[in-house]
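# Fold and contact review
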Amino acid sequence: MMRDFLAECGGCAVVDGGFATELQRHGQDLNDPLWSAKCLISSPQLVRRVHLDYLEAGANVIISASYQATIQGFEAKGLSAEEAEALIKRSVEIACEARQIYLQRCAKGCWDFLDGREIARRPILVAASVGSYGAYLADGSEYSGNYGDSVTLETLKNFHRKRVQILANSGADLIAFETIPNKLEAQAYAEILKEENIDIPAWFSFSSKDGINAVSGDSITECGSIADSCNRVVAVGINCTPPRLIHGLILSIKKVTNKPVVIYPNSGETYNAETKQWEESESKTDEDFVSYVGKWRDAGACLFGGCCRTTPNTIRAISRVLLEN
Ligand SMILES: [Zn+2]
């Protein structure tokens, strides 16, 4: 599936950019355990608008706002299980609506050129986002990957199972397991996909702070091997990691899998969990970011996008670079 899609895209595909941080740029206060999923309740129109902005910027894959949308999280806000399930499904429906609106606008002749080049007749996939258990905890453990000894494989499987089932039946083309912090969670996802006979494909995307290991300290090659051995997984990669670390991580992943490699780094700024601010730690202009793309492609990646603090402009710049080459 992924290989056919990539062939249709001309070999490389464009993934969207930061979603939650883009909602914040539009004025949303996401200082909430639900983070971006808060907007599924309060601002579904804005969620659709941000998807549309990424499509307009050239994205071939848009990722739903379900990263931190969990049954447990919605229930903690006083919603019923049914309401929670409906909102999780709704996140994918909103992305599908954006795709439909975009394609209709293209058919009418607007929005189908990027710098005079036609981008309208391109394949577009909707990926259903699944964030980690640590993202649900909203206590920073998604960036440490350390859940403590009391959290076992079974804890993680029980936590994720129902949401994965809902998302698999939501109309999404694939599931994007994002910002995976450790091996245990990758293993839990792989087992759920198999046990539940999930019939849409998935990608596994890990995050790293040191360019060698996942954020937990588990080696990225071991994480990549788990993804490689799951036949439901159609791409493996890295997201929400500074651009300067990506090249080496691609090379590590290539050592353990022949599956397509997806990368969508963050802007290179660092999130300070105490101050709840993003701090500049390396050059972060869209040009700087995009200057890496050719290198990443040469290293063997074939899906490129952005994560936190990247914007539609970043994605437009990536689309341009890929069109030029
Ligand atoms: Zn991110």
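All values derive from a computational prediction rather than experimental measurement.

Distances from the zinc ion to its protein donors, Cys-240 (SG), Cys-307 (SG) and Cys-308 (SG), fall within 2.2 to 2.3 Å. Sequence spacing of the donors to the zinc ion: C-x66-C-C. Taken together, the residues span a long stretch of sequence, with Cys-240 in the loop between β8 (233-239) and α12 (243-256) and Cys-308 in the loop between β12 (301-304) and α15 (312-324) at a distance of 68 residues. For Cys-240, a relative accessible area of 7% translates into the label buried.

Of all hydrophobic cores here, the largest spans 108 residues; its most connected members are Phe-177, Trp-203, Phe-204 and Leu-303. Once residues within four sequence positions are removed from consideration, Phe-177 is found in contact with Val-130, Val-164, Tyr-189, Leu-193, Ala-202, Trp-203, Phe-204 and Ser-205. Ranked by size, the runner-up nonpolar core spans 6 residues in total, among them Tyr-133, Tyr-147, Phe-159 and Ala-188.

Moving on: the UniProt feature "binding site: Zn(2+)" (unreviewed entry) in the protein chain. Mapped onto this numbering, the UniProt entry annotates "binding site: Zn(2+)" (unreviewed entry) at Cys-240, Cys-307 and Cys-308. Look at the named residues: they lie 69 residues apart in sequence, but the longest C-alpha span between them is just 6.2 Å, so in the fold they bunch up. Structurally, Cys-307 can be placed in the loop between β12 and α15. Residues in contact with Cys-307, not counting those within four places in the same chain, are Gly-17, Gly-18, Asn-239, Cys-240, Tyr-264, Pro-265 and Asn-266.

Moving on, we come to the packing of aromatic side chains. For the structure shown, the criterion picks out 12 aromatic pairs. Measuring from ring centre to ring centre gives 6.1 Å for Tyr-133 and Tyr-136, while their planes differ by 35°; the resulting arrangement is tilted. Here Tyr-133 and its partner Tyr-136 are both found in helix α7 (residues 133-137), 3 residues apart, which amounts to about one turn of the helix. By relative accessible area, Tyr-133 is classed as buried at 14%. Here Tyr-136 falls in the partly exposed class, since its relative accessible area comes to 27%. An aromatic cluster of three or more residues is present, and its members are Tyr-133, Tyr-136, Tyr-147 and Phe-159.

Reading guide: rules and limits
Per-chain numbering applies: the sequence of each chain, read as written, is numbered from 1 onward. Reporting in this predicted model follows two pLDDT cut-offs: at least 70 for local features of residues, and 80 or more for side-chain atom pairs to be given and counted; totals over whole chains, interfaces and linings ignore these cut-offs and use all residues. Side-chain metrics in this entry use all non-hydrogen atoms of the structure; hydrogen atoms and water are not considered. A donor here means any N, O or S atom no more than 2.8 Å from the metal (3.2 Å for Na, K and Ca); water is not included, so a site may seem to lack partners. Numbering goes from the N terminus for both helices and strands, where a helix is a DSSP run of H or I of at least four residues and a strand is a run of E of at least two. Each residue is assigned to one of three classes by its accessible area relative to the maximum for its type, calculated with a 1.4 Å probe on protein chains only: buried under 20%, partly exposed between the two thresholds, exposed over 50%. Nonpolar cores are built from buried Ala, Val, Leu, Ile, Met, Phe, Trp, Tyr and Cys residues. Side-chain atoms within 4.5 Å join them into one set. By the convention used here, residues are in contact when the closest approach between their heavy atoms is within 4.5 Å. UniProt positions are given in the numbering used here, feature names are shortened, and annotations may be inferred rather than shown by experiment. Centre distance within 6.5 Å is the pairing criterion for rings of Phe, Tyr and Trp, where only the six-membered ring of Trp is used; planes under 30 degrees apart are then read as stacked, over 60 as edge-to-face, and the remainder as tilted.

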